[in-house]
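Residue-level listing of the chains:
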Amino acid sequence: MITRTTNVGPEAAFQSAGYVLFVEGRDQDAIDPTVLRELFQGKIEVEPFGPSSNIKSAAEAFYKHHQTYCFLIDRDHYDDDTVDQYWNAFPDSTKSNLLIWRRREMENYFLIPEYLVRSAFLSVSEDELRNRILKCCNERLYLDCANQVIIQIREEHKNKWIKKYKRLNDFKTKDAAISNLLKNPELSGREKYVAETVHPSELEKRFEQFLTEMTGGQEPLEYDQGKWLKLLPGKEVFHVVVGDGCFKVPFTDSNGQRSYMEGHEKLKEVAKELVMKPLEVQPDDFQKLYQMISNMIARAK
């Protein structure tokens, strides 16, 4: 079993020098790098690298030159098969050391009731906590299913669906260039495809598919039914649940008075306190991530 050490000294950090995990976040204070630094305790450097699109592009660009760089992004629109491919291949020296969370966002792991109740900052019963999570997710279920339809169509339309022209002889004149554009079968086919994807019946079908995946055919949402706890937007729900009186994070202010954290700092403290607990009580993906990166570094020594 791989164990996690704490209070890592400079010699341990030196041994893993060059290994960097790039994650989503605008700055060092973002929740993703903050949480993962606590998880790894100096075993690997963790750095924010902006949105997932930046990280994915960097992973594809750097893999030939920086085998010690790893990249981790939110699941967002990716399906199970795509996510599994990255986890099964990691580390992949022939492509990129990229991983995609199995849940929608990292915060989704902090919505697992059995994990969240371990927090010393919890100020309500487990039943109340579970009800708050369920209530928040039920309230935004239809909104997010509709947004998933939008995201899916948007991602499909980003694909390189048309090839550029190469035959110079076909573009000797202005009229020839315009004629080739107007006769391009890919363009005319695209018009038909776009019309089909935004047709009311197609939009409704896609919405129903996402709804069924989320709910497992059970409305309103219930625990152990559907994938809603994995696929609804964890950032939004975690923010509501932590800020809705379920947690109290005390601190002493500059005047020596006892007070309680709010906002972003409160979210970070709840997440940090949980991820600092023993590795064996962490969510499965946290344990797996820690083990995979630890093994990768160990094999390189």
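Now for a look at the structure at hand. (Residues numbered from 1 in each chain as written. Predicted model: local features only at pLDDT ≥ 70, side-chain atom pairs only at ≥ 80, totals over all residues. Heavy atoms only, no water.)

## Re the sheet that holds strand β1 (residues 20-23)
Taking strand neighbours across the sheet as the criterion, the four strands line up as β2-β1-β3-β4 in an open arrangement whose pairing is parallel. With one partner strand each, in any of the chains shown, β2 (45-48) and β4 (98-100) form the two edges of the open sheet. Pairwise comparison of adjacent strand axes, ignoring direction, gives a mean angle of 25 degrees for this sheet. Bridging between β1 and strand β3 (residues 69-73) involves four bridges; their strand directions are parallel. Looking at β3, one finds that Val20 is bridged to Tyr69. The sheet contacts of helix α3 (residues 52-62) involve β1, β3 and β4, and relative to β3 the element is tilted by about 150 degrees. (Pairing = 2+ DSSP bridges. Helix = DSSP H or I, 4+ residues; strand = E, 2+ residues; numbered from the N terminus. Axes fitted to C-alpha atoms, helices over the stretch in contact; angles between N-to-C directions. Contact = heavy atoms within 4.5 Å.)

## Concerning the packing of helix α11 (residues 234-246) against helix α12 (residues 263-275)
Between α11 and α12, the least distance of the axes is 10 Å, while the angle of their chain directions is 95 degrees. Relative to α12, the element α11 lies roughly perpendicular. Touching Phe238, His239, Val242 and Gly243 of α11 are Lys266, Leu267, Val270 and Ala271, all from α12. The residue makeup of the contact of α11 with α12, split by class, is five nonpolar, two polar and one charged. (Parallel < 35°, antiparallel > 145°, perpendicular 65-115°, else oblique. Nonpolar A, V, L, I, M, F, W, Y, C, P; charged D, E, K, R; others polar.)

## Some thoughts on empty space enclosed by the protein
The final tally for this structure, using the stated rule, is one cavity of 30 Å³ or more. Considering the residues around the largest cavity, the lining is formed by Phe62, Tyr63, His66, Gln67, Tyr69, Phe71 and Asn97. Across the lining of the largest cavity, the residue classes tally to four nonpolar, three polar and no charged. (1 Å grid on protein atoms, 1.4 Å probe; cavity = no way out; pocket = protein on both sides within 12 Å on 5 of 7 lines; lining within 4 Å. Points joined across faces, edges and corners; volume = space filled by probe spheres on them.)

## With respect to the layout of surface pockets
Estimated volume of the largest pocket: approximately 900 Å³. In terms of lining residues, the largest pocket is bounded by 33 residues, among which Glu24, Pro51, Ser52, Asp74 and Lys235 are the most central. For the lining of the largest pocket, the secondary-structure elements that each account for two or more residues are α2 (31-40), α3, α6 (126-158), α11 and α12. Top contributing element to the lining of the largest pocket by residue count: α3, with five residues. For the lining of the largest pocket, a count of residues per class yields seven nonpolar, nine polar and 17 charged. A volume near 310 Å³ is recorded for the second largest pocket. What lines the second largest pocket is a set of 15 residues, and nearest its centre among them are His77, Tyr78, Asp79, Gln152 and Phe210. When contributions to the lining of the second largest pocket are tallied by element, the ones reaching two or more residues are α6 and α9 (200-215). With five residues, α6 is the single largest residue contributor to the lining of the second largest pocket. Grouping the amino acids of the lining of the second largest pocket by side-chain chemistry returns four nonpolar, four polar and seven charged.

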